[in-house]
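# Descriptive structure summary
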Amino acid sequence: MKHPDDDNELFNRLEAEMTSFGAPPGGEVVDLGKARTARGESTDPAPDSSADSGPSQSADPEPTESPDGRPTLVDSTVPTVSGPGVIDRIKNSKRLDVFPAWLKSAAEFREALGWLAGHAWHTVAFHAVRVPFVYLPKLAWRAPRGALNTLGRVGRWSVDAEGEALRQYTATNEQVDEYLKLSRQRDRRVRLRMILTILGAVFALGTALFLVYGAEPMTQVIAAAVAVLGCGLAGAPADAPLATRAVIKTEVQKLTSDIVVKAMASIGIGQIASAVAKGQDGIKFVSPITREGPGWRADIDLPLGVTVADVADRRSRLASGLRRPLGCVWPDADPNEHEGRLILWVGDRDLSKTGIVKWQLASARRHDIFKRNPFGIDPRGRAQSVPMIQHNILIGSLPGQGKTASVRVLACGAALDPSVELWLHENKGTGDLDSLECVSHRFVSGIDDDSIKYAADSLKLLRAEVMRRAGVIKKLPRDLCPDKRITRSIADKRSLKLWPLVGVFDECQNLFAHPKYGKQAGDDAEFIIKLGRALGVILILATQRPDKDSLPTGISGNVSIRFALKVAGQVENDMILGTSAYKNGVRATSFRPEIDAGNGYLAGATALPVVVRTAYLDDNATHAIAQRAHALRKAEGTLSGHALGEDAESTAGPSYDLLADVAAVVPASENRVWNERIAARLAELRPEIYGGWKGENVTSALKPHGIKTTGVAGTTDDGERTTRRGIVRDDLMAAIAERDGNRGAA
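About the cut-offs
Residues numbered from 1 in each chain as written. Predicted model: local features only at pLDDT ≥ 70, side-chain atom pairs only at ≥ 80, totals over all residues. Heavy atoms only, no water. Helix = DSSP H or I, 4+ residues; strand = E, 2+ residues; numbered from the N terminus. Buried < 20%, exposed > 50% of the residue type's maximum accessible area, 1.4 Å probe, protein only. Areas by Shrake-Rupley, 256 points an atom, 1.4 Å probe, with all protein chains shown as cover. Patch = residues over 30% accessible without salt bridge, like charges linked within 9 Å, V, L, I, M, F, W, Y side chains within 5 Å. Salt bridge = Lys/Arg side-chain N within 4 Å of Asp/Glu carboxyl O. Lys, Arg positive; Asp, Glu negative; His and termini not counted. Charge placed at Lys NZ, Arg CZ, Asp CG, Glu CD. Phe/Tyr/Trp six-rings, centres within 6.5 Å; stacked < 30°, edge-to-face > 60°. Lys NZ or Arg CZ within 6 Å of the ring centre and 35° of its normal. Pairing = 2+ DSSP bridges. Axes fitted to C-alpha atoms, helices over the stretch in contact; angles between N-to-C directions. Contact = heavy atoms within 4.5 Å. Expected span 1.5 Å × (residues − 1). pLDDT = per-residue confidence, 0-100. Parallel < 35°, antiparallel > 145°, perpendicular 65-115°, else oblique. Nonpolar A, V, L, I, M, F, W, Y, C, P; charged D, E, K, R; others polar. Arc of directions from axis to C-beta.

Time to look at the overall build of the chain. Secondary structure assignment for the chain yields 26 helices and 18 strands. Relative to its full complement of 746 residues, the chain shows a buried share of 39%. Surface accessibility of the chain: about 42200 Å² in total, with carbon and sulfur atoms responsible for 56%.

Moving on: a positive patch on the surface. The grouping of Lys 181, Arg 184, Arg 188 and Arg 191 at the surface amounts to a positive patch. Judged by its relative accessible area of 46%, Arg 184 falls in the partly exposed class.

This paragraph deals with unusual backbone geometry. Despite not being glycine, Glu 174 has its phi angle at roughly 55°, a positive value. As for its placement among the helices and strands, Glu 174 is situated in the loop between helix H6 (164–172) and helix H7 (176–213). Note on Glu 174: relative accessible area 68%, which makes it exposed.

The tally for this structure, following the rule as stated, stands at 3 aromatic pairs. Here Phe 375 and Phe 563 contribute two aromatic rings whose centre-to-centre distance is 5.0 Å and whose plane-to-plane angle is 90°, an arrangement assigned as edge-to-face. Highlighted residues: Phe 375 in strand S6 (residues 373–377) and Phe 563 in strand S13 (residues 561–564), separated in sequence by 188 residues. Judged by relative accessible area, Phe 563 falls into the buried class, the value being 1%. With 5.1 Å between their ring centres and 85° between their planes, Tyr 690 and Trp 693 make a pair best called edge-to-face. Summarising the burial analysis for this pair, Tyr 690 and Trp 693 share the class buried. One cation-aromatic arrangement involves Arg 315 over Trp 330; the distance from NZ or CZ to the ring centre is 3.9 Å. A cation over an aromatic ring shows up here: Arg 442 above the ring of Tyr 454, its NZ or CZ 4.0 Å from the ring centre.

Per the stated rule, a full pass over the model turns up 37 salt bridges. Arg 193 serves as the salt-bridge partner of Asp 160, at 3.6 Å between the closest nitrogen and oxygen. Remark: Arg 193 occurs in helix H7 and Asp 160 occurs in the loop between helix H5 (106–158) and H6; sequence separation between them is 33 residues. Judged by its relative accessible area of 1%, Asp 160 falls in the buried class. Judged by relative accessible area, Arg 193 falls into the buried class, the value being 13%. Salt bridges linked by common partners bring Asp 160, Glu 162, Glu 164, Arg 167, Arg 189 and Arg 193 together as one network.

Take the sheet that holds strand S16 (residues 672–674) next. Picture the strands of a sheet paired through backbone hydrogen bonds; they go either parallel or antiparallel. Strand order in the open sheet formed by 3 strands is S16-S18-S17, and the pairing between neighbours is antiparallel. Every other strand in the sheet has two partners, leaving S16 and strand S17 (710–715) as the edge strands with one partner each. On average, each strand axis in the sheet is tilted by 60° relative to the strand beside it, whichever way the strands run. Where S16 and strand S18 (residues 721–728) come together, 3 bridges link them in antiparallel fashion. Bridge pairing in S18 links Trp 674 to Gly 726. In this fold helix H23 (residues 675–685) packs onto S16, S17 and S18, with an angle of close to 75° to the strand it touches most, S16.

Moving on: the sheet that holds strand S9 (residues 421–426). Taken in spatial order, the 10 strands of this open sheet run S7-S6-S15-S14-S13-S8-S12-S11-S9-S10, and their pairing is mixed. One side of each edge strand has no neighbouring strand; the edge strands of this open sheet are strand S7 (383–386) and strand S10 (440–445). Averaged over neighbouring strand pairs, the angle between their axes works out to 25° when direction is ignored. Here 6 bridges tie strand S11 (residues 501–506) to strand S12 (residues 537–543), and the two strands are oriented parallel to one another. Considered in S12, the bridge of Asp 506 is made with Ala 542. Relative to the sheet, helix H19 (residues 570–577) contacts strand S8 (393–396), S12, S13 and strand S14 (599–603), its axis offset from that of S13 by approximately 150°.

Let's shift gears to helix H17 (residues 518–531). For an α-helix, 3.6 residues make a turn, and residues three or four places apart therefore share a direction. End to end, H17 covers 20 Å across 14 residues, agreeing with the expected 20 Å (1.5 Å per residue, within 8%). Of all 14 residues making up H17, 10 are buried, and the element is well covered by its neighbours. Taken together, the buried positions of H17 are Gly 518, Ala 521, Gly 522, Asp 523, Asp 524, Ala 525, Glu 526, Phe 527, Ile 528 and Ile 529. Looking at the buried residues of H17, the elements they touch are helix H14 (449–475), helix H16 (509–512), S12, helix H18 (553–556) and helix H25 (695–702).

Looking at the chain, the pLDDT average stands at 82 and 84% of residues meet or exceed 70. Across the chain, element-level confidence peaks in S11 with a mean pLDDT of 95 and bottoms out in helix H21 (residues 648–652) with 44. For the stretch residues 42–66, pLDDT sits under 50, and the model shows 11 contacts to residues farther than four places along the chain or on other chains. Note on residues 649–654: pLDDT under 50 across the span, and 11 contacts to partners over four residues away in sequence or across chains.

Further remarks concern the side chain of Asn 373. Considering the arrangement of structural elements, one finds Asn 373 in strand S6. Not counting chain neighbours up to four residues away, the residues in contact with Asn 373 comprise Trp 359, Leu 361, His 367, Ser 385, Val 386, Met 388, Val 409, Leu 410 and Gly 413.

Between H23 and H25, whose axes approach to 7 Å, the crossing angle comes to 90°. Between H23 and H25, the interaxial angle falls into the category roughly perpendicular. Contacts between H23 and H25 involve Asn 675, Glu 676, Ile 678 and Ala 679 on the former and, on the latter, Gly 695, Val 698 and Thr 699. Its residues assigned to classes, the contact of H23 with H25 shows 3 nonpolar, 3 polar and 1 charged.

Let's shift gears to a nonpolar patch on the surface. Among the surface-exposed residues, Val 98, Phe 99, Leu 103, Phe 109, Leu 113, Trp 115 and Leu 116 lie close enough to one another that they form a single nonpolar patch of about 740 Å² accessible area. Counting residues per element, the nonpolar patch draws most heavily on H5, at 4 residues. Mapped onto the elements of the fold, Phe 99 is located in the loop between helix H3 (86–92) and helix H4 (101–104).

This brings us to the packing of helix H9 (residues 257–265) against helix H10 (residues 270–277). Across the interface, H9 lies against H10 with an axial gap of 8 Å and an inter-helix angle of 125°. Considering their axes alone, H9 and H10 lie oblique with respect to each other. Residues Val 261, Met 264 and Ala 265 of H9 lie in contact with H10, whose contacting residues are Ile 272, Ala 273 and Val 276.

Those residues of helix H12 (residues 315–322) lying buried are Arg 315, Leu 318, Ala 319 and Leu 322. Along the axis of H12, the buried positions cluster into a sector of 100°, meaning they face one direction only. Along its buried surface, H12 packs onto H9, helix H11 (308–312), strand S4 (329–333) and strand S5 (341–347). Once H12 finishes, Arg 323 follows within two positions and takes phi at roughly 55°, a positive value.

This part covers the pairing of strand S15 (residues 610–614). Within S15, 5 of the 5 residues are buried, which leaves it mostly tucked inside the rest of the structure. Alternating residues of S15 divide into Val 610, Val 612 and Thr 614 and Val 611 and Arg 613, and every residue in both groups is buried. Pairing of S14 with S15 involves 4 bridges; the strand directions are antiparallel. Looking at the pairing, Tyr 601 lines up with Val 611 of S15. Here S14 folds back onto S15 in antiparallel fashion, the turn holding 6 residues, of which Gly 604 has a positive phi close to 100°.

Spelled out as structure tokens, the structure:
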């Protein structure tokens with residue numbers, strides 16, 4: 001910020017020079033314009049050729065001074081125009097929504113109307129049940145007391161008892177005139193009221209005699225009911241109302257700027273604390289605190305150098321400062337603003353106490369996997385979904401935190417699309433996914449070696465399927481497949497066999513850590529994750545032990561969507577959510593064991609990682625969904641494999657070993673060979689697997705095994721010498737030796 005005295009700095013300096021020692025007594029008129037120009041010129045002094053020059057000065061000026069001993073000008077004194085103009089600022093300004101988000105979203109609008117209808121129905125049903133069994137008996141019990149209270153009120157009114165206290169006061173204080181006035185007033189009132197009371201009593205007696213002896217039975221019943229109800233209401237104590245509340249509202253403190261400032265000052269960030277100590281706010285509110293969903297939202301600009309991650313790191317302290325449960329306080333970043341923009345959302349209720357989240361597709365007839373799959377809600381109650389096509393998903397947590405329930409939601413979403421081929425592998429052996437067995441092409445549940453081998457074989461088959469699909473996609477015309485990836489229209493062409501294929505591997509650590517099958521299974525899974533994304537092959541991996549031995553880094557580093565529930569530490573957190581996630585404040589370690597079961601950080605499905613409470617499907621709900629999916633597949637003729645009772649061998653397909661096949665087509669005498677020649681030889685060796693392969697397919701297939709391509713000089717079929725991409729056979733044999741533990745390697 002420019003100091004007000006800066007404008008006078010030039011004048012003050014010149015005046016000081018004029019009055020300094022050695023100045024002429026009469027002074028000299030200084031041209032201020034020339035002086036300003038001189039300040040802007042280069043600070044290099046011109047050689048002084050005058051013979052009368054003063055004593056020579058040091059040739060090495062001080063670092064903080066200009067060579068002429070004067071301060072170096074840094075900021076120009078002439079104001080300059082910078083930054084966007086008015087029109088640009090208007091164009092870049094943020095416009096607030098005319099209608100709230102829930103009103104613009106059909107799903108949220110239906111949800112809001114459904115909640116309102118449910119609230120009204122609950123209130124009506126609550127009181128309807130209590131009317132005959134609670135309210136009417138209570139009124140009848142209170143009726144005698146109400147009748148006596150009514151007679152007492154009438155009697156007190158007739159004798160003007162309400163003015164007795166005032167008359168006694170005037171008599172006690174010997175205010176004779178006032179007392180006489182009040183006595184005369186009482187006499188007039190009593191005469192009139194007694195007449196009205198007698199007339200009313202006569203009318204009431206006549207009405208009662210008529211109802212008893214002359215009225216119809218129905219009229220008598222109605223009159224008796226009105227009398228009992230009226231007397232019952234009159235007999236109700238002030239502290240015991242007739243009806244109880246059907247809904248008890250949660251009363252929470254309104255979020256204000258003072259509360260936020262005090263809380264932010266208490267979390268241990270020096271820039272904020274020091275500013276508050278000086279009577280300042282320390283933070284800046286960029287918009288008013290507003291109500292958003294079931295909570296309050298505050299948009300805050302943090303001090304310079306403070307990031308949202310710094311606040312997220314102190315979330316528990318912030319919750320203490322706000323005097324709210326930890327599950328109510330959620331500091332987030334704004335992806336559309338700078339790193340110091342904090343969106344603080346404070347909920348009315350702890351996220352873990354919101355109860356079971358209903359899955360949006362629980363009653364749906366079918367679902368399209370090319371659309372996002374509903375997954376749960378965020379702390380603000382907004383629905384969160386997960387894209388599945390062109391993605392692979394990794395789920396990790398400690399045992400008992402809701403990992404398998406998350407897998408069920410994704411698997412059920414895939415099952416409701418009859419075109420999806422499901423391969424389910426539950427390597428825990430507890431039968432958590434047994435309900436979906438009836439729609440699975442391949443299915444296994446167990447932790448024994450045979451079950452692990454079955455899952456490893458599935459990865460081999462998926463790898464072969466990826467390579468087959470690559471060849472098919474390559475041959476498709478551009479107008480049908482311009483982006484070289486699976487679309488809904490391509491998946492619906494059953495003759496191409498390019499329908500979506502979802503492979504679920506629950507408790508995958510038991511597979512990847514297996515001493516016999518783990519290494520190859522990890523290589524196959526990494527290959528599928530890298531290449532199968534655009535080919536409609538989707539892997540869903542879930543583990544409760546995310547370490548480098550149980551979850552190969554090639555897998556954890558290449559999945560695009562990650563979901564971490566409660567994990568033990570920073571290493572496990574970053575294995576699931578990605579490198580530096582813990583450092584950036586995305587910490588699944590902050591969830592409380594059991595209390596926050598079902599809550600986790602979802603990364604990759606949205607612009608920024610978001611906390612999500614997953615929808616919950618128990619075994620009965622999963623079974624109902626599976627039965628609908630089975631009927632849907634049966635009607636469209638897409639049941640296959642295990643769902644039709646076929647054994648594993650009938651669906652296993654051709655078995656192959658890529659490295660062994662490459663070694664077979666590259667003789668020992670040919671140490672260097674082009675990849676395009678390897679592709680041609682492989683296609684001749686196994687046309688059903690490698691048909692249509694080119695040199696780039698060989699490059700991609702060998703890369704996960706650590707075999708790098710290099711320039712290989714050779715001769716074409718036409719006898720022309722040239723250099724093309726190829727491999728060295730020694731690298732191939734080294735990879736085979738490493739994979740097989742040096743057993744049988746040549």
